[in-house]
Amino acid sequence: MAWRKLGQLFVPNSTHPALVSHSALPVPAHLSGDLFRIFYSGRDSSNRSSVGSVVARISEQPRIEESSPEPLLLPGSLGAFDDAGVGVGSIVRGQSEDRLYYMGWNIGGSVPWRNAIGVAVGSASEGRFERLSAGPVMDRDPVDHFSLSYPCVLNNGPDQWEMWYGTHIEWGAEKADMSHAIRRAISADGITWKRSPQIVVDVEPGEVAVVRPSVHRTGDGYRMWFARRGHGAYDIAYAVSRDGINWLRKDAKFPMPEAEGWEGGAATYPAVFDHGGRLWLLYNGAGYGKTGFGLAVWEA
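Residues numbered from 1 in each chain as written. Predicted model: local features only at pLDDT ≥ 70, side-chain atom pairs only at ≥ 80, totals over all residues. Heavy atoms only, no water.

Undergrad: In this structure, what is going on with the packing of aromatic side chains? I would like to understand it.
TA: Two numbers describe a pair of aromatic rings. These are the distance of the centres and the angle of the planes. Counted by the stated rule, this structure contains 21 aromatic pairs. Here the aromatic rings of Tyr101 and Trp193 are separated by 6.5 Å at their centres, their planes lie at 80 degrees, and the arrangement is edge-to-face. Here the residue Tyr101 occupies a position in strand β7 (residues 98–107), and Trp193 occupies one in strand β13 (residues 193–195), the gap between them amounting to 92 residues. A residue is classified by how much of its surface remains accessible, and Trp193, at 11% relative accessible area, is buried. Judged by centre distance (4.5 Å) and plane angle (50 degrees), the rings of Tyr238 and Phe254 are tilted. One end of the pair, Tyr238, is in strand β16 (residues 234–241); the other, Phe254, is in the loop between β17 (247–249) and β18 (268–275), with 16 residues separating them in the sequence. (Phe/Tyr/Trp six-rings, centres within 6.5 Å; stacked < 30°, edge-to-face > 60°. Helix = DSSP H or I, 4+ residues; strand = E, 2+ residues; numbered from the N terminus. Buried < 20%, exposed > 50% of the residue type's maximum accessible area, 1.4 Å probe, protein only.)

Next up, the structure:
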């Protein structure tokens, strides 16, 4: 049992100045049949990230059907929590509107970056989103002292929202000395969040970061795929839970095959989704999306 790679699905090719390179953090939203709109974070010539999208056919012969030339979410205004860029977290579909949860970037100061979590509302099918607010819905506070990262949000019913997100535990003398783990928060409306100080997925010996969770509910609990990094390349890890709070790492259960050339020796930023009774995986290689994103399917 393993992921079977179907190759590099998308390479950055937009002529818009906000999307001249990279396609990091792919997240799918189903349209119809085999068609999905895939949201990603591209960059401008100053490395500021914006959200773009493509329409892809997800099958044994996947292909891009449409590439939207215009970004659908640009960096925020000067001084805002996302003025240096926006990183895609997750899409939550709704009856009247969809939500795009994302990570906003600030750069500079005593550490390389500071991140917070925002939300935009609109239509995933149409590829149209606008910020709910110029400010974040999750920022530094007495629980999360340093920086927050890519949120994965589930709406399990009326007044039942869950979020798993990354949090910096500490900074070291060098960027590689950081410690970054995953926490959980709950909400009645998906806007105002109550977080727990408990670390739900922590780094293991030899790791410095676990990040970008992709969480699925199952009949008896939850499954999570996420990226992990030691002092080398990123790869993809896996954990299971009965309650979404207490997680057991089972990294060997969903192994990735040997890296392909375009991946540059790494596999990261997973987005796992169901389609046609099968599990599919969107992911990036090395360079934080510089070489585009690929697709794999699970062979049980």
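Undergrad: How should I be thinking about the sheet that holds strand β1 (residues 2–10) in this particular structure?
TA: Hydrogen bonds between backbone atoms are what pair the strands of a sheet, whose relative direction is either parallel or antiparallel. Spatially, β1-β20-β19-β18 is the arrangement adopted by the four strands of the open sheet, whose pairing is antiparallel. Two strands in the sheet have a free side with no partner beyond their single neighbour: β1 and β18. The mean angle between the axes of side-by-side strands here comes to 25 degrees, regardless of whether they run parallel or antiparallel. With six bridges connecting them, β18 and strand β19 (residues 278–284) associate as antiparallel partners. By the bridge assignment for β19, Ala271 is matched with Leu282. (Pairing = 2+ DSSP bridges. Axes fitted to C-alpha atoms, helices over the stretch in contact; angles between N-to-C directions.)

Undergrad: I tried to follow the layout of surface pockets on my own but got confused; where do I start?
TA: If a probe as big as a water molecule is rolled over the atoms, it shows which places are left empty. Its boundaries defined by the atoms lining it, the largest pocket holds a volume of some 700 Å³. Lining the largest pocket are 31 residues, and of these Arg43, Trp105, Trp113, Tyr150 and Tyr288 sit closest to its centre. Secondary-structure elements contributing two or more residues to the lining of the largest pocket are β2 (21–32), β3 (35–43), β6 (86–92), β7, β8 (113–123), β10 (148–155) and β14 (209–218). For the lining of the largest pocket, the class distribution of residues is 16 nonpolar, 11 polar and four charged. Quantified by volume, the second largest pocket comes out at close to 570 Å³. The wall of the second largest pocket is formed by 26 residues, among which Pro28, Ile91, Leu154, His216 and Val272 lie closest to the centre. Residue assignment for the lining of the second largest pocket shows that the elements contributing at least two residues are β2, β6, β10, β14 and β18. (1 Å grid on protein atoms, 1.4 Å probe; cavity = no way out; pocket = protein on both sides within 12 Å on 5 of 7 lines; lining within 4 Å. Points joined across faces, edges and corners; volume = space filled by probe spheres on them. Nonpolar A, V, L, I, M, F, W, Y, C, P; charged D, E, K, R; others polar.)

Undergrad: Looking at this structure, I do not really get the pairing of β3. What am I missing?
TA: In summary, the side chains of a regular strand alternate between the two faces of the sheet. The buried fraction of β3 amounts to eight of the nine residues, a majority that puts the element mostly inside the structure. Both β2 and β3 contribute to a ladder of seven bridges, which runs antiparallel. In the strand pairing of β3, His30 is matched with Phe36. Between β2 and β3, which pair antiparallel in sequence order, lie two residues; one of them, Gly33, sits at a positive phi of approximately 55 degrees. Where β3 and strand β4 (residues 49–57) come together, nine bridges link them in antiparallel fashion. Bridging across to β4, Phe39 finds its partner in Ser53.

Undergrad: What should I look at first to understand the sheet that holds β7 in this one?
TA: Spatially, β6-β7-β8-β9 is the arrangement adopted by the four strands of the open sheet, whose pairing is antiparallel. Of all strands in the sheet, those with a lone pairing partner are β6 and β9 (128–131), marking the two edges. When the angles between neighbouring strand axes are averaged without regard to direction, this sheet yields 30 degrees. Strand direction decides the pairing type here: β8 and β9, joined by four bridges, are antiparallel. When the sheet's bridge partners are listed, Ala120 is paired in β9 with Arg131.

Undergrad: Looking at this structure, how should I read unusual backbone geometry?
TA: Positive phi values are uncommon outside glycine, yet Asp159 reaches one of about 65 degrees. Here Asp159 is to be found in the loop between β10 and β11 (161–170). Judged by relative accessible area, which is 58%, Asp159 ranks as exposed. Of note, Arg212 is a non-glycine position whose phi angle comes to about 55 degrees, a positive value.

Undergrad: How do you make sense of the nonpolar core when you look at a structure like this?
TA: A general feature of soluble globular proteins is that nonpolar side chains tend to end up buried together. Core analysis: the biggest nonpolar cluster contains 24 residues, and Phe39, Val51, Leu73, Ile91, Leu100 and Phe129 have the highest contact counts within it. For this core, the elements supplying multiple residues, two or more each, are β2, β6, β7 and β8. Considering every element that reaches this core, the biggest residue donor is β2, with four residues. Every residue in contact with Leu100, bar those within four places of it in the chain, is listed here: Val51, Leu72, Leu73, Val88, Ser90, Ile91, Gly118, Val119, Ala120 and Phe129. Judged by nonpolar contacts, the second largest core, of 17 residues, contains Leu9, Phe10, Ala18 and Phe273. (Core = buried A, V, L, I, M, F, W, Y, C linked by side-chain atoms within 4.5 Å. Contact = heavy atoms within 4.5 Å.)

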